[in-house]
Amino acid sequence: MHAMTLKKLGAPLEWTELPDRQPGPGEIRIKVAACGVCRTDLHVVDGELPEPRVPIVPGHEIVGRIDAIGAGVVGLSIGERVGVPWLGRTCGVCPYCVGGQENLCDRPLFTGYTRDGGFTTSTIADARFAFPLGEVGSDVELAPLLCAGLIGWRSLVIAGDGKRLGLYGFGAAAHIVAQVAKWQGRSVFAFTRPGDLATQTFAQHQGASWAGGSDETPPEPLDAAIIFAPVGALVPPALKAVRKGGRVVCAGIHMSDVPSFPYRLLWEERQLVSVANLTRSDGIEFLRLAPKIGIATKTTQYPLIQANQALANLRAGRFEGAAVLVAG
Ligand SMILES: [Zn+2]
Ligand SMILES: [Zn+2]
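Overview of the structure. (Residues numbered from 1 in each chain as written. Chains lettered and ligands numbered in written order. Predicted model: local features only at pLDDT ≥ 70, side-chain atom pairs only at ≥ 80, totals over all residues. Heavy atoms only, no water.)

1. Looking at the pairing of strand β4 (residues 62–69)
Looking along a regular strand, one sees side chains alternate from face to face of the sheet. Of the strand pairs in this sheet, strand β3 (residues 27–37) and β4 are connected by seven bridges, and their pairing is antiparallel. Paired with Arg-29 across the strands is Ala-68, a residue of β4. Relative to strand β5 (residues 81–84), β4 is paired through four bridges, and the arrangement is antiparallel. In the sheet register, Arg-65 faces β5, and the bridge partner there is Arg-81. (Pairing = 2+ DSSP bridges. Helix = DSSP H or I, 4+ residues; strand = E, 2+ residues; numbered from the N terminus.)

2. Examining the environment of Phe-189
The residue Phe-189 is located in strand β11 (residues 187–192) in this model. Take Phe-189: its relative accessible area is 2%, and that puts it in the buried class. Linking Phe-189 and Ser-209, residues 20 residues apart in sequence, is a C-alpha distance of 6.1 Å. Among residues more than four places away in sequence, those in contact with Phe-189 are Arg-164, Leu-165, Gly-166, Leu-167, Ser-209, Trp-210, Pro-218, Pro-219, Glu-220 and Leu-222. (Buried < 20%, exposed > 50% of the residue type's maximum accessible area, 1.4 Å probe, protein only. Contact = heavy atoms within 4.5 Å.)

3. A short note on the environment of Pro-219
When you line up the elements, Pro-219 lands in the loop between β12 (210–213) and β13 (222–227). Taking the relative accessible area as the measure of exposure, Pro-219 reaches 57% and is therefore exposed. In this view, Pro-219 contacts Phe-189 and Trp-210; residues no more than four positions away in its chain are not counted.

4. Considerations on the coordination of the zinc ion (ligand 1)
Looking at the zinc ion (ligand 1), the protein donor atoms are Cys-91 (SG), Cys-94 (SG), Cys-97 (SG) and Cys-105 (SG), and they sit 2.3 to 2.4 Å from it. One can describe the donor arrangement at the zinc ion (ligand 1) as tetrahedral, given that its four donor atoms subtend angles of 103 to 119° at the metal. Each donor residue of the zinc ion (ligand 1) belongs to the same chain, and together they define the spacing C-x2-C-x2-C-x7-C. You can see Cys-94 sitting in the loop between β6 (87–89) and α2 (95–98) and its partner Cys-105 sitting in the loop between α2 and β7 (109–110), a full 11 residues away along the chain. On the basis of relative accessibility, which here comes to 2%, the residue Cys-94 falls in the buried class. (Donors = N, O, S within 2.8 Å, 3.2 Å for Na, K, Ca; no water. Tetrahedral: all angles 85-135°; square planar, octahedral: opposite > 155°, others 65-115°.)

Shape is all these values report; function is a separate question.
Below, the structure is given as structure tokens:
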């Protein structure tokens, strides 16, 4: 098998040949067909997340087919198409796991961060954390659903039922959430980098009823806003854009510092919350819903060996939607 491996934080990924592995008890081996590239992969490569582990194979939006099954795995079969998300394993016994908040597990493993992920031709996953994907949709189209879709879905649920939803940062996650929110009958207000007219036009094509720069005031007060961009400076304008009792959700795993702001922006029961990781029930719920909504992901494909190019283009905002690495 081959993989694009991070050997040193901040360095380019290296094309490496690794010995084929056999799945252990409770594990499956997956022949990877496609793996999405997420902003979190940039945080992993840059060493911005706590306790980084190297060498590591990044990638946590994996779509592939099972080609070996370890002892004790039930309900999955050879050849079946599965998706592997960011949440790679939980302990099952900490208070969070027991209390239905496995996204906050005290001893988790995260795919492509603390266990090897999907920038590879073959990967091993904990069978309990892989989602059967069925046969509807192409591997490449489905890959961005595994993180951008799932975290986007969790963020949307936490944002509440308000009709007027703001999305700050219109990349992979927002372009999926906009479609879901529109399907739910909400109005989407998309905020991009000031002057980024191309992304504003893209947002309108994805269902946004208004698009503008993050320095602009939306035409009506928002019920909730989700910040996908890793930019803490967006928190005060997002709080300013929501109505009394409105909620601002920070959806990223890493953000630059939030600047100080006057208390009156939070006053009147506005709420500022963050979203961390996902639970398996988020995944099951969203993947069941996605085909009904008919989510169309906009993807740019790169061969696996060009993972560094894909990361560089993501960093520079050179494509719309999501980048996906394809094996072979
Ligand atoms: Zn736990
Ligand atoms: Zn991700």
